[in-house]
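Reading the structure
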There are 2 protein chains.
Amino acid sequence: MSGAAGRHSTSQRRPTRDPRDLVAIKRDGGSLAAEDVRALVDGFMAGDVSAELAAAFLMAAYVRGLDAAETAALADAFVASGETIELPGVDRPIVDKHSTGGVADGVTLVFVPLAASLGLAVAKLSGRGLGYTGGTLDKLESIPGLRTDLSPDEFRRQVADLGCAVAGQGPGIVPADGAMYALRDATATVASISLVAASVMAKKLAIASDLVLLDVKAGTGAFMKDADAATALATLCVEIGRARGRRTRAVVSDMSQPLGRAIGNALDVAEAVDVLRGAPGRLRALAVELVAEATSAAGGLARDAARRRAERVIDDGTALERFRELVAAQGGDPSVVDDPASVLPAAPVVHHVASEAGGILVEVDAEGLGRASGALGAGRARRGDRIDPAVGIVLRPEIGDDIAAGDEVAVVHARTANDAKAAARAIGSALTLGEGPGRRPPLLLARFE
Amino acid sequence: MSGAAGRHSTSQRRPTRDPRDLVAIKRDGGSLAAEDVRALVDGFMAGDVSAELAAAFLMAAYVRGLDAAETAALADAFVASGETIELPGVDRPIVDKHSTGGVADGVTLVFVPLAASLGLAVAKLSGRGLGYTGGTLDKLESIPGLRTDLSPDEFRRQVADLGCAVAGQGPGIVPADGAMYALRDATATVASISLVAASVMAKKLAIASDLVLLDVKAGTGAFMKDADAATALATLCVEIGRARGRRTRAVVSDMSQPLGRAIGNALDVAEAVDVLRGAPGRLRALAVELVAEATSAAGGLARDAARRRAERVIDDGTALERFRELVAAQGGDPSVVDDPASVLPAAPVVHHVASEAGGILVEVDAEGLGRASGALGAGRARRGDRIDPAVGIVLRPEIGDDIAAGDEVAVVHARTANDAKAAARAIGSALTLGEGPGRRPPLLLARFE
């Protein structure tokens, strides 16, 4: 019984550790302490927090958001759930480039040999793509013979020797992130800025690097449909990196249309080879920007000079040769850089799609194109699905282009004629023609460090 | 490809029925169509919607809220998941009274015989209490011999013959509500106004009645901690009842302190008998108000006249006799109405708690008292736990009372001396003394029809 001195709090119970009480804090818009976030993640992995309660937490986090400290704590908990990777013996600055993913986003295939050509080391661990199109691993594996299941030793040695390696992440790294991702996928909680940031940064913090460079996509073909959301994700990731002592830079790049022209797997490799052989376009431009960002941050070069050097090592063939060495080092057929068509798997049906009308291309439903490519077999609906490396779509025009009726707008690479026709219809509804003047969206929307 | 006439929507895909898309609508603050709500509930019961996704839906519904149409659709889906109960052969107006529950809320024990004494039929199906203290069934079952597992036929016949029956709800009624409640309990999504309203109204709509009368509790001892939340729940329930053609009235009553003095099970029965024998207090006052509300709504009587008639059937012993008949009809020892102490189970330890200080009782942590009673064994932490009918707390003062140091503030009925001491400590911290003048909270906060 409290004394006569007046009101005072009656809550002198000891804090309970019922995980539902922690979820209730987030549900009501409060902030969780780092140890509480850790308790939820560890409890989920240990089976003490049910999948149902974890799902409720994810939805609460999705709707209420996590602040930077909570997000960093979630990333820490993911890192602590598994192994971390050190890279001793690498004497160049190690850059870990990560894209948040989008349609026709083959930039890693160009970035890796380009950065390695400029004195950086790129140690790239990728997860499997889950979505309309394959991930970097899937694209690379369309090259006959190429392995991405490098052992930790192989991976380290290749980074030290060649300056670059691309391998599968393996189940020992951030396993809690993988488990939480599967739960997010099952519960409509994937596209949360906080949850994406924790997932991205956990993967980065679990492996040694001197610079984390994030390419955050914004637009119809990305998780983040608008620049504001992408900016929020980019700044959150940079903040987490800084809080954890990891140099981190981020750019927000446009995904209001596919980045490259190829939306598939082997088709993306062929396009990357084209770019490394000098083909112009948005894919090359972004790869150059990212490499300039990395060399200016990690190598101390001014960004303009860095950009010129990147252009040069493409134009003089250095980057292409580095790609050849990368492919060869991982067991792939290196002649893919000379004649992709003769090496890469080809689809039996090649269907040219012409425009029925004329006008300026004013809008592209990049996600719709991604779905169409996925329907052809280029993606996986479920973890473990097999990807068809040969199929996909090559899109011709960009936003702002003037199209005449009858112009070819896409080439569909399909298993069957019926598949091709369905893709052609989807392509038709994904492209919106209007009246001019055509406005081309800028490629780079923002830059954060 | 769209024509040159200008922009138009590219989303001409057929609507998918991926349940995650439905959950995403609620996640983003949108409204679900009735068929979508039904699809989620039916899918959950059929196993097509995972418990994790259902948990995410519940959290989204908790944080975003459901509008009246969605809430009614959820109630409909619960009703459709099981049996419904008709009550042919009952010639009186059937009243279904429901309390949202709180600490020392034994009003049903008084209401049922009182309403039956005034020409109404009360067909009361109750769930098992899950929480600090037992539910109505648990309280009644502390009377030796009394059964609540009436068959549907027994239940109907007793309502027709006696005007009242109290039985367990049984698993065939609104099974989806039961399954969803278990999931809410596991996922920190219990105390949502929308979800509570759907759950309450589903149980009411599944059984025939001429009037649904809801007693929505507001305060430290109730789900709804403040009058605004309770008002929102009351109006939502009334709106759903109206939309489904069921006459529904609701009152919001105060739970800033325990309603009665007894917080247990047998102790509540003893208190109900006291009230039916003429004892004054908040429990009697609320029972009279509720019966007046019911007879005015269902019987066409003016509320003042109805209130006077209710007082009269208490004072002349009619209601007590009706309670005796109810107990006897359900197999219980009817002499409980003559001498509760000789019939009801008694706890071995009876501990009197005195106030250490003096002052005006300004605040009561009713939930804390409920927890203390639960810790004595009067409630169940998990479905299926056994309740100890004998234990509990009898609280002496009400908010506004002037207490002197040394005054008895409670009597603890416990299994062991240690249990009693812990309860005494909890009682001490649940009562806050301050300076006068003492203000007594009004019993009835609002009324909706």
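So, how was this worked out
Residues numbered from 1 in each chain as written. Chains lettered and ligands numbered in written order. Predicted model: local features only at pLDDT ≥ 70, side-chain atom pairs only at ≥ 80, totals over all residues. Heavy atoms only, no water. Pairing = 2+ DSSP bridges. Helix = DSSP H or I, 4+ residues; strand = E, 2+ residues; numbered from the N terminus. Contact = heavy atoms within 4.5 Å. Axes fitted to C-alpha atoms, helices over the stretch in contact; angles between N-to-C directions. Salt bridge = Lys/Arg side-chain N within 4 Å of Asp/Glu carboxyl O. Polar contact = N/O pair within 3.5 Å; in protein donor to acceptor, adjacent residues only side chain to side chain. Nonpolar A, V, L, I, M, F, W, Y, C, P; charged D, E, K, R; others polar. Buried < 20%, exposed > 50% of the residue type's maximum accessible area, 1.4 Å probe, protein only. Right-handed = clockwise from strand over helix to strand, strands pointing away. 1 Å grid on protein atoms, 1.4 Å probe; cavity = no way out; pocket = protein on both sides within 12 Å on 5 of 7 lines; lining within 4 Å. Points joined across faces, edges and corners; volume = space filled by probe spheres on them.

Attention now moves to the sheet that holds strand β8 (residues 359-364) of chain A. Residues and elements named next belong to chain A. Spatially, β10-β8-β12 is the arrangement adopted by the three strands of the open sheet, whose pairing is antiparallel. One side of each edge strand has no neighbouring strand; the edge strands of this open sheet are β10 (402-403) and β12 (431-434). Pairing analysis gives two bridges linking β8 to β10, with the strands arranged antiparallel. What sits directly across from Gly 359, in β10, is Ile 403. On the sheet, helix α17 (residues 417-430) packs against β8 and β12 and is oriented at approximately 40° with respect to β12.

Facing 46 residues of chain B, the contacting portion of chain A comprises 46 residues. In this assembly, chain B and chain A are joined by two salt bridges. Between Arg 20 of chain A and Asp 185 of chain B there is a salt bridge, with its nearest N and O atoms 3.5 Å apart. Where chain B meets chain A, there are six residue pairs in polar contact (both at pLDDT 80 or more). Of all the elements in the fold, those that place two or more residues in the side of chain B that touches chain A are α1 (19-27), α3 (51-64), α8 (175-186), β8 (359-364), α17 (417-430) and β12 (431-434) of chain B. In terms of residue count, the dominant contributor to the side of chain B that touches chain A is α3 of chain B (ten residues). Class assignment for the residues of the side of chain B that touches chain A results in 20 nonpolar, 13 polar and 13 charged.

Looking now at the side chain of Gln 158 of chain B. Tracing the backbone through its elements, the reader meets Gln 158 of chain B in helix α7 (residues 152-162). Here Gln 158 of chain B is in contact with Leu 150, Gly 163, Cys 164, Ala 165, Leu 326, Ala 329 and Gln 330 of chain B, once residues within four sequence places are set aside.

Bringing the pairing of strand β2 (residues 121-126) of chain B into the picture now. All names here are of chain B. Of all six residues making up β2, six are buried, and the element is well covered by its neighbours. Residues Ala 121, Ala 123 and Leu 125 line one face of β2 and the alternating positions Val 122, Lys 124 and Ser 126 line the opposite face, and both faces are buried. By the bridge criterion, two bridges tie strand β1 (residues 94-99) to β2 in an arrangement that is parallel. Pairing of Val 95 across the sheet is with Val 122, part of β2. As a crossover connection, the stretch from β1 through helix α5 (residues 107-117) into β2 is right-handed.

The next subject is the pattern of salt bridges. Residue and element names in this part refer to chain A. Overall, the coordinates contain 68 salt bridges over all chains when judged by the stated rule. The partner of Glu 367 in a salt bridge is Lys 225, with the nearest N and O atoms 2.7 Å apart. One end of the pair, Glu 367, is in helix α16 (residues 366-378); the other, Lys 225, is in the loop between β4 (211-218) and α10 (227-243), and 142 residues separate them in sequence. When its relative accessible area of 45% is taken as the criterion, Lys 225 is described as partly exposed.

A few words on empty space enclosed by the protein. All names here are of chain B. All told, the structure shown has five cavities of 30 Å³ or more when counted by the stated rule. Lining the largest cavity are Asp 96, Leu 125, Gln 169, Ile 173, Lys 203, Lys 204, Ala 206 and Ile 207. Classifying every residue of the lining of the largest cavity by side-chain character gives four nonpolar, one polar and three charged. Roughly 50 Å³ of volume is contained in the second largest cavity. Tallied by class, the residues present in the lining of the second largest cavity amount to seven nonpolar, no polar and two charged.

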